[in-house]
Amino acid sequence: MKPISVRVMSGRGALIESLGSALAREPSIFLTGGRLAQTEDLRVWLGQESADLVMLDTELIVRLGVDSLGVVRDTLPQARLILLWDDAYPLAVEEIVRWGVCGYVPLGASPQHCARAIHEVSQGSLWLPHWIMSHAFRKLSVVLGSDNRAGDSKPPERTAWPSLTAREELIAKLAAHGKTNKEIGRELSLAPDTIKKHLQAVFDKVGVRRRSQLVYCLDLIPETRRE
């Protein structure tokens, strides 16, 4: 079987070396990396040879501008895209959806996690967390709904996260709307540490890493229920 050709793009040499070392024992993956400083470097380096998959450091994208994703698309239109996600350099979900990013690997992920993401994405699957997927599906439902005739259209049913408790749903909504743990605690007569524990449980279940990402999941949380 032909190895999956993966090109890693970052401005950080240490990150490229670390990823290369982590995947060195994967015979099914052939990885090359390029340390890039500007958009023209990106265009030239990508044009040297084809690739099945491109992994982009979000730090590089933020530094060069999100249009650098367009450069990748123009130069290697058939390659599938995975983001090497650095929480210090987040991207707007709209940009991720717009450029057809297929995967998301957080910095510090295990070699097994990286290898599985590469294999899944190369085979046509998506490797994205819930908070991105929910936003993408919400945008798609709006587009599809606009094609319905007014008489036939119905508001989409709200879909709950079945594993969230009523308390977790309420706390998730309050946190997504910008309230601090202390403010939520006062409103619900709970200690801030208790709110923190509930939020961590929500993060683990929903698949987000920061409270700001909960905004993209609100349509998947039903109207607040009374316990």
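Let us look at the structure shown here. Please read these numbers as outputs of a predicted model, since none were measured by experiment.

With that out of the way, let us pick up the sheet that holds strand 4 (residues 80-85). Pairing is parallel across the open sheet formed by five strands, whose spatial order is 2-1-3-4-5. At either end of the open sheet lies a strand with only one pairing partner, and these are strand 2 (29-35) and strand 5 (103-106). Strand-to-strand twist of the sheet, defined as the mean angle between neighbouring strand axes without regard to direction, takes the value 20°. By the bridge criterion, four bridges tie strand 1 (residues 4-10) to strand 3 (residues 53-57) in an arrangement that is parallel. Counted as the bridge partner of Arg7 is Val54 from strand 3.

Another point: helix 10 (residues 192-206). Spacing of three or four residues puts side chains on the same side of an α-helix, whose turn is 3.6 residues. Counted at 1.5 Å a residue, the expected span for helix 10 with its 15 residues is 21 Å, and the 21 Å between its end C-alpha atoms agrees. Here helix 10 has its buried residues at Ile195, Leu199, Val202, Phe203 and Val206. Across the axial projection of helix 10, the buried residues extend over an arc of 100°, all falling on one side. Counted as exposed and oriented over 90 degrees from the buried face of helix 10: Asp193, Lys197 and Asp204. Directly after helix 10, the chain includes Gly207, whose backbone phi takes a positive value near 95°.

The rules we used
Residues numbered from 1 in each chain as written. Predicted model: local features only at pLDDT ≥ 70, side-chain atom pairs only at ≥ 80, totals over all residues. Heavy atoms only, no water. Pairing = 2+ DSSP bridges. Helix = DSSP H or I, 4+ residues; strand = E, 2+ residues; numbered from the N terminus. Axes fitted to C-alpha atoms, helices over the stretch in contact; angles between N-to-C directions. Expected span 1.5 Å × (residues − 1). Buried < 20%, exposed > 50% of the residue type's maximum accessible area, 1.4 Å probe, protein only. Arc of directions from axis to C-beta.

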